[in-house]
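# Overview (structure and organization)
Chain residues, written in single-letter form:
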Amino acid sequence: VTEAAVLADLLVTEHAAVYSYGVLGARLDEATRRLALSAFDAHRVRRDELVIRLRARGLETVGPKPLYDVTVPGRVQALALAVRVETELGVRWRDLVAVTDDLDLRRLAVQGLQDSAVRAAQWRKAASTSPVTVALPGEA
Amino acid sequence: VDPDVALIAAAVAQEQSLLLAYDEALVEHPELAAQLTPLRDEHAQHLARLQPTVPTPTPTPTVASSAATTRELPSTRRAKLAALERNAAAAHGTAALTASRRLAPVLASLSACEASHAVVL
């Protein structure tokens, strides 16, 4: 797997995260909606950071694709979707760590993996899922 | 010399000291076991991932080192563990920048796990 392919996958997954958070926030309570809003903003920033790096490498920037079923009738499904969004992103960010020696990309990928693990844990906690954390986030 | 060797040794030492900190906390505050034991066990998994051939230490509930020290409030103990987790997350995150492509993702996963521990503690 090449760096270019992983960056393209990441962009699709960040697009899907932005879209998912836009939808699922409507099914949450006050406290968790705030978490969804901050996640929405953070993923938009990440998506734009990826676009910048793809363009700097002369690579194509792909648009949004439907990645998840965002039909969330209630809070339980909304929280499950949020966990899934962050878990998938963790895998992609970890993939990037494994295919690049570029310091800037490594740094971005480590931060991306950390953030997704933190958010996944916060969502599991909100959903009262146990265990709240995983030992090796991003490792398939 | 393979630069990964030193990075692995540092990561192993960090995980071992975290395990010790959790074990001491569990001795002093058995009432925190439901929260702390899963976190502790994830560090044991980290150790196993770093050195697959060396058996990970089992919990040592008879550790007496903390018995002589002043008993801390559970909230203080949790805050201290959270600080240790943040330190470990930062150290493993930095190590992941210079490690080989084989080791870097492992260190990045450890770092991410520890960042999540710090938040839930």
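To be clear, the structure that these remarks concern was listed above.
Before going into details, it helps to say that this report is about the structure given with it. (Residues numbered from 1 in each chain as written. Chains lettered and ligands numbered in written order. Predicted model: local features only at pLDDT ≥ 70, side-chain atom pairs only at ≥ 80, totals over all residues. Heavy atoms only, no water.)

### Looking at the overall build of chain A
For chain A, the helix and strand inventory stands at 4 helices and 0 strands. Its helices and strands taken in sequence order, chain A reads α-α-α-α from the N to the C terminus. In terms of C-alpha radius of gyration, chain A reaches 15 Å, essentially the compact-globule figure of 14 Å for 140 residues. Over its C-alpha atoms, taken along the principal directions, chain A stretches across nearly 40 × 30 × 20 Å. In chain A, 75% of the contacts between residues at least 6 apart in sequence involve partners at least 24 apart. (Helix = DSSP H or I, 4+ residues; strand = E, 2+ residues; numbered from the N terminus. Rg over C-alpha atoms; globule rule 2.2 N^0.38 Å. Contact = heavy atoms within 4.5 Å.)

### So, the interface of chain A and chain B
Listed as interface residues are 24 residues of chain A and, on the opposing side, 27 residues of chain B. When the buried area of chain A at its contact with chain B is split by residue, R106, T133 and A135 of chain A rank highest and sum to 26% of it. For the interface between chain A and chain B, the tally reads 2 salt bridges. Here E139 of chain A ties to R49 of chain B by a salt bridge, and the two come within 2.8 Å at their closest N and O atoms. Applying the counting rule to chain A against chain B returns 11 residue pairs in polar contact (both at pLDDT 80 or more). Among the secondary structure elements, those contributing two or more residues to the side of chain A that touches chain B are α3 (75-99) and α4 (103-126) of chain A. At 11 residues, α4 of chain A tops the list of elements feeding residues into the side of chain A that touches chain B. (Buried area = accessible area lost by both parts, 1.4 Å probe. Salt bridge = Lys/Arg side-chain N within 4 Å of Asp/Glu carboxyl O. Polar contact = N/O pair within 3.5 Å; in protein donor to acceptor, adjacent residues only side chain to side chain.)

### Quick notes on helix α4 (residues 104-120) of chain B
An ideal rise of 1.5 Å per residue puts 24 Å on 17 residues; α4 of chain B measures up with 25 Å between its terminal C-alpha atoms. When you tally the buried positions in α4 of chain B, you get 16 out of 17 residues, the bulk of the element. (Expected span 1.5 Å × (residues − 1). Buried < 20%, exposed > 50% of the residue type's maximum accessible area, 1.4 Å probe, protein only.)

### Focus: the environment of Q114 of chain A
Tracing the backbone through its elements, the reader meets Q114 of chain A in helix α4. Residue class for Q114 of chain A comes out buried when judged on its relative accessible area of 13%. As a C-alpha pair, Q114 of chain A and R94 of chain A span 20 residues in sequence and 9.7 Å in three-dimensional space. In contact with Q114 of chain A, other than residues within four places in its own chain, are A89, G93, S111, A112 and A115 of chain B. Within polar-contact distance, the side chain of Q114 of chain A engages the side chain of S111 of chain B at 2.5 Å.

### Remarks on the pattern of salt bridges
All names here are of chain A. Counted according to the given criterion, the structure contains 23 salt bridges over all chains. Close ionic contact of R34 with E30 constitutes a salt bridge, the shortest N to O distance being 3.6 Å. In this pair, R34 and E30 both sit in helix α2 (residues 30-56), 4 residues apart, roughly one turn of the helix. When its relative accessible area of 52% is taken as the criterion, R34 is described as exposed.

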